[in-house]
Amino acid sequence: MVANVCVLGATGSIGANTLDVIARHPDRYRAFALSAHSNVDDMLASCERFAPSFAVMVDEQAAQALADRLREKPVDTEVLAGAAALEMIAAHDDIDMVMAAIVGAAGLAPNLAAIRAGKRVLLANKESLVMSGELFMQEARKSDAMLLPIDSEHNAIYQCLPEAYQCGEEVSRAVRRILLTASGGPFRGRSRAELHDVTPQQACNHPNWSMGQKISVDSATLMNKGLELIEACWLFNLAPEQIEVHIHPESIVHSMVEYCDGSVLAQLGTPDMRTPIAYGLAWPERIDAGVGSLDLFAQGSLNFERPDEANFPCLDLARQAFREGGTAGAILNASNEEAVAAFLKGNIRFTAIPDIIASALDAVGIQRADSLDTVVSADLAARATAIQTIQQLQMHA
Ligand code: NAD
Ligand code: MG
């Protein structure tokens, strides 16, 4: 039987990799619905190639432009506009699985819709889990939705946990710790002074992975590892003390699980997101992902070091936010998104990013995160505070 897939964020880096894997297996998967924010050219090309039943453009003008251009093409794709349409396609009766690959907080509502509809959710969008992990996991349990992590580290951890221990209560008993690997990003080894003048272009130039701009900056600040630490705590029911970040510059070992008997299981592979994507699509089977063999002879050695938390304070900000609980995750995420956007526009320095997040965490009151409304309010309050801080920094620059 062919499984219908909804790809949220189809024009992004994860979206394109997902479509690449789907195209290799037309007998197994159909791209039934695709979404993008406003990239008409890429969406048009994907509509021509995959003939989805639905194409959602969040930007209304982009939706109009796509509909106009599709009219001349021999494909029968219905174009929908606006963010509400994302929830509709994510929960559509004909959809079997949803690739959650929108970047940032915009992914939260459609991801929750997919979970509430009991879909298999391939979770790339870690921000939604950071914002509202408690709610997310609760809803997944209620609806029996299956959450399959696509983030390479969490996918590795998932692969190293035998089925009985996946996402269950027993994890905390059997697992001593998670060795969460991180490349260290493009600025590994630099002091705070050496980070002062780095440019957005340098920050986006990741040594091992080609990714969207936001996650590339997150990798450079180590906030990506902070978000991933929170993601792992929620997905695998672990305490932050059980997660030890290991800088591993080669990005070959995608993470490890240490059990209480001393066994350490690792998942390895060349850094290519099509591996975890194919795993998520085909689970519990395995399919070709278009990824070549790992050449350990050419690799020669694998290295591990401790993260430099003094010069890269974002990792600990995330750890603290998870410990605070409630809406602290939403505040951390929203202020980070604003800070990263301001850095990418050239409005603030790279080193201001953690300061902006720390002041948002101080200024915005933390509440219980028991509804989508509270999470969204915290997100908005944190954005407003972060924008104020950014404006003050610009005035004094
Ligand atoms: P990207 O910037 O390349 O793509 C983002 C996608 O989201 C695009 O299709 C864009 O149209 C859509 N989008 C952006 N803003 C939107 C909005 N407001 N509403 C609706 N759609 C919107 O990002 P990416 O690198 O593919 O990352 C996507 C997600 O996957 C992120 O959460 C990231 O942390 C996670 N992730 C990515 C990688 C990677 O290798 N790229 C690895 C692990 C996790
Ligand atoms: Mg990752």
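Definitions and limits used
- Residues numbered from 1 in each chain as written.
- Chains lettered and ligands numbered in written order.
- Predicted model: local features only at pLDDT ≥ 70, side-chain atom pairs only at ≥ 80, totals over all residues.
- Heavy atoms only, no water.
- Pairing = 2+ DSSP bridges.
- Helix = DSSP H or I, 4+ residues; strand = E, 2+ residues; numbered from the N terminus.
- Axes fitted to C-alpha atoms, helices over the stretch in contact; angles between N-to-C directions.
- Buried < 20%, exposed > 50% of the residue type's maximum accessible area, 1.4 Å probe, protein only.
- Donors = N, O, S within 2.8 Å, 3.2 Å for Na, K, Ca; no water.
- Contact = heavy atoms within 4.5 Å.
- Phe/Tyr/Trp six-rings, centres within 6.5 Å; stacked < 30°, edge-to-face > 60°.
- Parallel < 35°, antiparallel > 145°, perpendicular 65-115°, else oblique.
- Left-handed = near helix turned anticlockwise from the far one by under 90°.
- Nonpolar A, V, L, I, M, F, W, Y, C, P; charged D, E, K, R; others polar.
- Near = heavy atom within 4 Å.
- Polar contact = N/O pair within 3.5 Å; in protein donor to acceptor, adjacent residues only side chain to side chain.
- Areas by Shrake-Rupley, 256 points an atom, 1.4 Å probe, with all protein chains shown as cover.
- Right-handed = clockwise from strand over helix to strand, strands pointing away.
- pLDDT = per-residue confidence, 0-100.

Colleague: Looking at this structure, I do not really get the sheet that holds strand β6 (residues 120-123). What am I missing?
Modeller: Strand pairing in a sheet is mediated by backbone hydrogen bonds. Such pairs are either parallel or antiparallel. Ordered by their spatial adjacency, 7 strands build an open sheet running β4-β3-β2-β1-β5-β6-β7, and the pairing between neighbours is parallel. Edge strands, defined here as strands with exactly one partner in the open sheet, are β4 (78-81) and β7 (146-149). The average angle at which neighbouring strand axes cross in this sheet is 20°, direction not considered. Taken together, the 5 bridges between strand β1 (residues 3-8) and strand β2 (residues 29-36) define a ladder with parallel strand orientation. By the bridge assignment for β2, V5 is matched with A31.

Colleague: When you look at the environment of S191 in this model, what are you seeing that I'm missing?
Modeller: Tracing the chain through its elements places S191 in the loop between β8 (175-182) and α9 (192-195). Since its relative accessible area comes to 26%, S191 is described here as partly exposed. Put simply, S191 and A310 are 119 residues apart on the chain and 8.8 Å apart in space, counted from C-alpha to C-alpha.

Colleague: So what exactly am I meant to see when it comes to the coordination of the magnesium ion (ligand 2) here?
Modeller: Under perfect tetrahedral coordination by four donors, a metal shows angles of 109.5 degrees; under perfect octahedral coordination by six donors, it shows angles of 90 or 180 degrees. Only D151 (OD), E153 (OE) and E228 (OE) from the protein coordinate the magnesium ion (ligand 2), and they sit 2.1 to 2.2 Å from it. Going along the chain, you hit the donors of the magnesium ion (ligand 2) in the pattern D-x1-E-x74-E. By relative accessible area, which is 7% here, D151 ends up buried. Take E153: its relative accessible area is 8%, and that puts it in the buried class.

Colleague: Is there a simple way to think about the sheet that holds β8 in this case?
Modeller: Across the sheet, which stays open at both edges, the 4 strands sit in the order β9-β8-β10-β11 with mixed pairing between neighbours. Each end of this open sheet is capped by a strand with a single partner; those strands are β9 (243-247) and β11 (264-268). Within this sheet the neighbouring strands show an average axis-to-axis angle of 20°, counted without direction. The sheet contact formed by β8 and β9 spans 5 bridges and is parallel. Bridge pairing links T181 to H246 in β9. The strands touched by helix α7 (residues 152-160) are β8, β10 (253-259) and β11; relative to β10, the strand with the most contacts, the crossing angle is about 40°.

Colleague: Sorry if this is basic, but what is going on with the packing of aromatic side chains here?
Modeller: The description of an aromatic ring pair uses the distance of the two centres, along with the angle that the planes make with each other. As enumerated under the stated definition, the model contains 5 aromatic pairs in all. Plain terms: the ring middles of Y158 and Y279 are 6.3 Å apart, the flat faces sit at 80° to each other, and that makes the pair edge-to-face. In this pair, Y158 sits in helix α7 while Y279 sits in helix α13 (residues 274-282), placing the two residues 121 residues apart along the sequence. Of the two residues, Y158 and Y279, both sit in the buried class. The interplanar angle of 85° and the centroid separation of 5.2 Å between the aromatic rings of F187 and F350 together place this pair among those described as edge-to-face. Remark: F350 occurs in the loop between α16 (328-344) and α17 (352-363) and F187 occurs in the loop between β8 and α9; sequence separation between them is 163 residues. The two residues F187 and F350 agree in class, both being buried.

Colleague: Would you take a moment to explain the packing of helix α1 (residues 13-24) against helix α2 (residues 40-50) for this structure?
Modeller: Axes are the key here: two packed helices are described by the angle between their axes and the distance separating the axes. It is at 12 Å that the axes of α1 and α2 come closest, and there the two elements cross at 15°. Comparing their axes, α2 and α1 come out roughly parallel. Taken as a pair, α1 and α2 cross one another with a handedness that is left-handed. Side by side, α1 and α2 meet where L19, I22 and A23 of the first sit next to S46, R49 and F50 of the second. Among the residues forming the contact of α1 with α2, the class breakdown is 4 nonpolar, 1 polar and 1 charged.

Colleague: Got a minute to help me understand the site of ligand 1 in this structure?
Modeller: Around ligand 1, the surrounding shell holds 22 residues, and the nearest of these are T11, S13, H37, E127 and G212. The contact in question runs from an oxygen atom of ligand 1 to an N or O atom on the backbone of G9, over 3.3 Å. In this structure, an oxygen atom belonging to ligand 1 sits 3.4 Å away from a main-chain N or O atom of V103. Protein contact buries 85% of the 820 Å² of open area that ligand 1 shows by itself. Sorting the residues of the shell around ligand 1 by element identifies α1 and α6 (126-143) as the ones contributing at least two each. Among the residues making up the shell around ligand 1, the classes are represented as 12 nonpolar, 7 polar and 3 charged.

Colleague: Mind showing me how you'd approach the pairing of β1 here?
Modeller: Across a regular strand the side chains alternate sides, sitting on one face of the sheet and then on the other. The buried fraction of β1 amounts to 6 of the 6 residues, a majority that puts the element mostly inside the structure. Because side chains alternate across β1, one face comprises the buried residues A3, V5 and V7, and the other comprises N4, C6 and L8, equally buried. Regarding the hand of the β-α-β motif, the stretch spanning β1, α1 and β2 is right-handed. The sheet contact formed by β1 and strand β5 (residues 97-100) spans 4 bridges and is parallel. Note that in β5 the partner of L8 across the bridge is A100.

Colleague: What should I look at first to understand the confidence of the model for the chain in this one?
Modeller: A low pLDDT means the predicted coordinates there should not be read in detail. Across the chain, the average pLDDT comes to 96, with 98% of residues at or above 70. By mean pLDDT, the top-scoring element of the chain is β1 (99), and the lowest-scoring one is helix α8 (residues 171-174) (77).

Colleague: Even after reading the chapter, I still don't get unusual backbone geometry, so can you show me in this structure?
Modeller: Glycine aside, residues mostly have negative phi, and peptide bonds are mostly found in the trans state. Cis peptide bonds are those with omega within 30 degrees of zero, and the linkage from W283 to P284 qualifies with 5°. Relative to the helices and strands, P284 resides in the loop between α13 and α14 (296-299). If you check the backbone angles, D144 has positive phi at about 65° while not being a glycine. Residue position: D144 is located in the loop between α6 and β7. Judged by relative accessible area, which is 67%, D144 ranks as exposed.

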